Amino acid sequence: MSYTAKIGPSILNSDLACLGAECSRMLDCGADYLHLDVMDGHFVPNITFGPPVVDCFILSLPPPRVSDMHMMVSRPEQWVRPMAAAGASQYTFHLEATSNPGPLIKDIRESGMKVGLGIKPGTTVEELAPWAAQIDMALVMTVEPGFGGQKFMEDMMPKVNWLRTQFPSLDIEVDGGVGPDSIHKCAEAGANMIVSGSAIMKSADPRSVISLLRAACAEAIQKRSLDR
């Protein structure tokens, strides 16, 4: 068991007029990484930002500048090199967006980024399983991707638990409606990378929220280790 608790605020929920400052604020509050939702208006019906924006604010941050690009795009292979050049740390694409993940995984690695592979609520976890040994992180969406503020889908937790059981050392991320009210369900199921948007970004005390989320995950990880 080699995974640890990591908390990534979802920057889409920040004050986008002050994006660089918001990212710095989250890191100062103890975030382990920054989660950026990249949407193209095709894979999901919303549009956010692309490599030029990422390049601008990542360079303004102090090292180690750990960022997870959640690529909600219909052609994920198109943006691998531009995101790598912009300084992205991890490139997370959706299984539903490609018919052949293998070459894309290879391209991401060759570009110097870690590989994340995500699934929507309607996609079975067994469809992700053949690629689990080739990726760094599996993302289980706990809302329908595309918009923030949705209600957490507790019925996605069996997917997380199955992945943790089958792939004990894999980083497993949950994204969508996650906050203090749902963190224990995520942690107990086996998630160790927690994306949280408004629960962190809109809090008067984001440092405390990040600490709470991390503590819940760390406690579940320790319990799982003792139970083995």
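Residues numbered from 1 in each chain as written. Predicted model: local features only at pLDDT ≥ 70, side-chain atom pairs only at ≥ 80, totals over all residues. Heavy atoms only, no water.

Asker: Explain the pattern of salt bridges here, please?
Answerer: Note on pairing: side chains with opposite charge can pair once their charged atoms come close. Considering all chains together, one arrives at 8 salt bridges under this definition. Put simply, arginine 25 and glutamate 22 hold a salt bridge, and the shortest N to O gap is 2.8 Å. Of this pair, arginine 25 and glutamate 22 both sit in helix H1 (residues 19-28), 3 residues apart, which is roughly one turn of that helix. Owing to a relative accessible area of 11%, glutamate 22 belongs among the buried residues under this scheme. Arginine 75 is the partner of glutamate 77 in a salt bridge, and the nearest nitrogen-oxygen pair spans 4.0 Å. (Salt bridge = Lys/Arg side-chain N within 4 Å of Asp/Glu carboxyl O. Helix = DSSP H or I, 4+ residues; strand = E, 2+ residues; numbered from the N terminus. Buried < 20%, exposed > 50% of the residue type's maximum accessible area, 1.4 Å probe, protein only.)

Asker: Got a minute to help me understand the packing of aromatic side chains in this structure?
Answerer: Any pair of aromatic rings gets described here by the distance separating the centres and the angle formed by the planes. This structure, assessed with the given rule, holds 1 aromatic pair. With a centroid separation of 6.3 Å and an interplanar angle of 70°, the aromatic rings of tryptophan 162 and phenylalanine 167 are classed as edge-to-face. Using a relative accessible area of 26% as the deciding quantity, one classes tryptophan 162 as partly exposed. For the cation-ring pair, arginine 164 lies above tyrosine 3, with the distance from its terminal atom to the ring centre recorded as 3.7 Å. (Phe/Tyr/Trp six-rings, centres within 6.5 Å; stacked < 30°, edge-to-face > 60°. Lys NZ or Arg CZ within 6 Å of the ring centre and 35° of its normal.)

Asker: Would you mind showing me how to read the environment of glutamate 96 here?
Answerer: Tracing the chain through its elements places glutamate 96 in the loop between strand S4 (90-94) and helix H4 (101-110). Sequence spacing of glutamate 96 and valine 73 is 23 residues, and the spatial spacing of their C-alpha atoms is 9.9 Å. Not counting residues within four places of it along the chain, the set of residues in contact with glutamate 96 comprises Phe43, Gly118, Ile119, Lys120 and Thr123. Engagement of the side chain of glutamate 96 in a polar contact is seen with the side chain of histidine 94, the distance being 3.0 Å. A polar side-chain atom of glutamate 96 sits 2.5 Å from a polar atom in the side chain of threonine 123. (Contact = heavy atoms within 4.5 Å. Polar contact = N/O pair within 3.5 Å; in protein donor to acceptor, adjacent residues only side chain to side chain.)

Asker: Would you mind showing me how to read the nonpolar core here?
Answerer: One broad trend across soluble globular proteins is that nonpolar side chains are buried collectively. Judged by nonpolar contacts, the single largest core of 64 residues is most densely connected at Met69, Leu128 and Ile194. The residues contacting isoleucine 194, other than those within four sequence positions of it, are Lys6, Ile7, Gly8, Tyr33, Val174, Val178, Ile183, Cys186, Leu213 and Cys217. In this structure, Tyr33, Met137, Val143 and Val195 belong to the second largest nonpolar core, which totals 7 residues. (Core = buried A, V, L, I, M, F, W, Y, C linked by side-chain atoms within 4.5 Å.)

Asker: Quick question: what am I supposed to make of the sheet that holds strand S1 (residues 6-9) here?
Answerer: Read from one edge to the other, the open sheet built from 8 strands follows the order S1-S8-S7-S6-S5-S4-S3-S2, with strand pairing classed as parallel. Edge positions in the sheet fall to S1 and strand S2 (34-39), since each has one partner strand and no second. Going from strand to strand, the sheet's axes swing by 25° on average, the running direction of each strand aside. Alignment of strand S6 (residues 137-141) against strand S7 (residues 171-175), held across 5 bridges, turns out to be parallel. When the bridges of S7 are listed, valine 140 appears paired with valine 174. (Pairing = 2+ DSSP bridges. Axes fitted to C-alpha atoms, helices over the stretch in contact; angles between N-to-C directions.)

Asker: Please clarify how the environment of arginine 228 should be interpreted in this entry.
Answerer: Considering the arrangement of structural elements, one finds arginine 228 in the segment after helix H9 (206-227). The class for arginine 228 is exposed, based on a relative accessible area of 64%. In this structure the C-alpha to C-alpha distance between arginine 228 and serine 196, which are 32 residues apart in sequence, comes to 29 Å.

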